[in-house]
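Coordinates in review
Listed below, chain by chain, are the residues.
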Amino acid sequence: MSIQSDILSGKYMSIWSYIHILENEVNPYDDVKKSIAKWGNELEAYCGPSDIIYDTGYNIMNNGIKRRDALHLACALPLYITE
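First, a word on what this report is: a plain description of the structure on this page.

Description of the overall build of the protein chain
- Of the regular secondary structure elements, the protein chain holds five helices and two strands.
- If you list the helices and strands of the protein chain from N to C, you get α-β-α-α-β-α-α.
- Its C-alpha atoms give the protein chain principal-axis dimensions of roughly 35 × 30 × 20 Å.
- Classification of the 83 residues of the protein chain by burial places 28% in the buried group.
- Here the analysis covers contacts within the protein chain between residues at least 6 apart in sequence; of these, 65% occur between residues at least 24 apart.
- When the accessible area of the protein chain is evaluated, it comes to approximately 6,000 Å², of which 55% is carbon and sulfur surface.
- The average position of the 7 basic charges and that of the 11 acidic charges among the side chains of the protein chain differ by 7 Å.

Focus on the packing of helix H4 (residues 51–61) against helix H5 (residues 67–76)
- Where H4 meets H5, the closest approach of the two axes is 8 Å, and the angle between their N-to-C directions is 125°. Taken as axis vectors, H4 and H5 run oblique relative to one another. The interaxial crossing formed by H4 with H5 has right-handed handedness. Contact with H4, carried on its side by Ile53, Tyr54, Thr56, Gly57, Ile60 and Met61, involves Arg67, Ala70, Leu71, Leu73, Ala74 and Cys75 of H5 and no other residues of that element.
- Grouping the constituent residues of the contact of H4 with H5 by class yields nine nonpolar, two polar and one charged.

Concerning the packing of aromatic side chains
- All chains considered together, the criterion is met by one aromatic pair.
- Centroid distance Tyr18 to Tyr54: 6.2 Å. Interplanar angle 90°. Geometry classified as edge-to-face. Of this pair, Tyr18 sits in helix H2 (residues 18–25) while Tyr54 sits in helix H4, placing them 36 residues apart in sequence.
- A relative accessible area of 7% means that Tyr18 is categorised as buried.
- Of the residues examined, Tyr54 reaches a relative accessible area of 41% and is grouped as partly exposed.

What counts and what doesn't
Residues numbered from 1 in each chain as written. Predicted model: local features only at pLDDT ≥ 70, side-chain atom pairs only at ≥ 80, totals over all residues. Heavy atoms only, no water. Helix = DSSP H or I, 4+ residues; strand = E, 2+ residues; numbered from the N terminus. Buried < 20%, exposed > 50% of the residue type's maximum accessible area, 1.4 Å probe, protein only. Contact = heavy atoms within 4.5 Å. Areas by Shrake-Rupley, 256 points an atom, 1.4 Å probe, with all protein chains shown as cover. Lys, Arg positive; Asp, Glu negative; His and termini not counted. Charge placed at Lys NZ, Arg CZ, Asp CG, Glu CD. Axes fitted to C-alpha atoms, helices over the stretch in contact; angles between N-to-C directions. Parallel < 35°, antiparallel > 145°, perpendicular 65-115°, else oblique. Left-handed = near helix turned anticlockwise from the far one by under 90°. Nonpolar A, V, L, I, M, F, W, Y, C, P; charged D, E, K, R; others polar. Phe/Tyr/Trp six-rings, centres within 6.5 Å; stacked < 30°, edge-to-face > 60°.

All quantities given are derived from atomic positions and should not be read as evidence of function.
Printed below as a string of structure tokens:
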């Protein structure tokens, strides 16, 4: 809750990505799904899917990071963020 508060106060920049959306769509708990979806409206930046995200994610995976985690990291790189 502390991190969420810091995001809303502007202490941290927050990024919403297509990976968040995909993961949330398969969430089996409707109340949690709705709560998470609301964060998409609060965040400052969005990272959508692209070939460069996939390539970067693949390179990150080569360092032992799981696929979805690698794509989350690729989306967090400032070079690919749109505001």
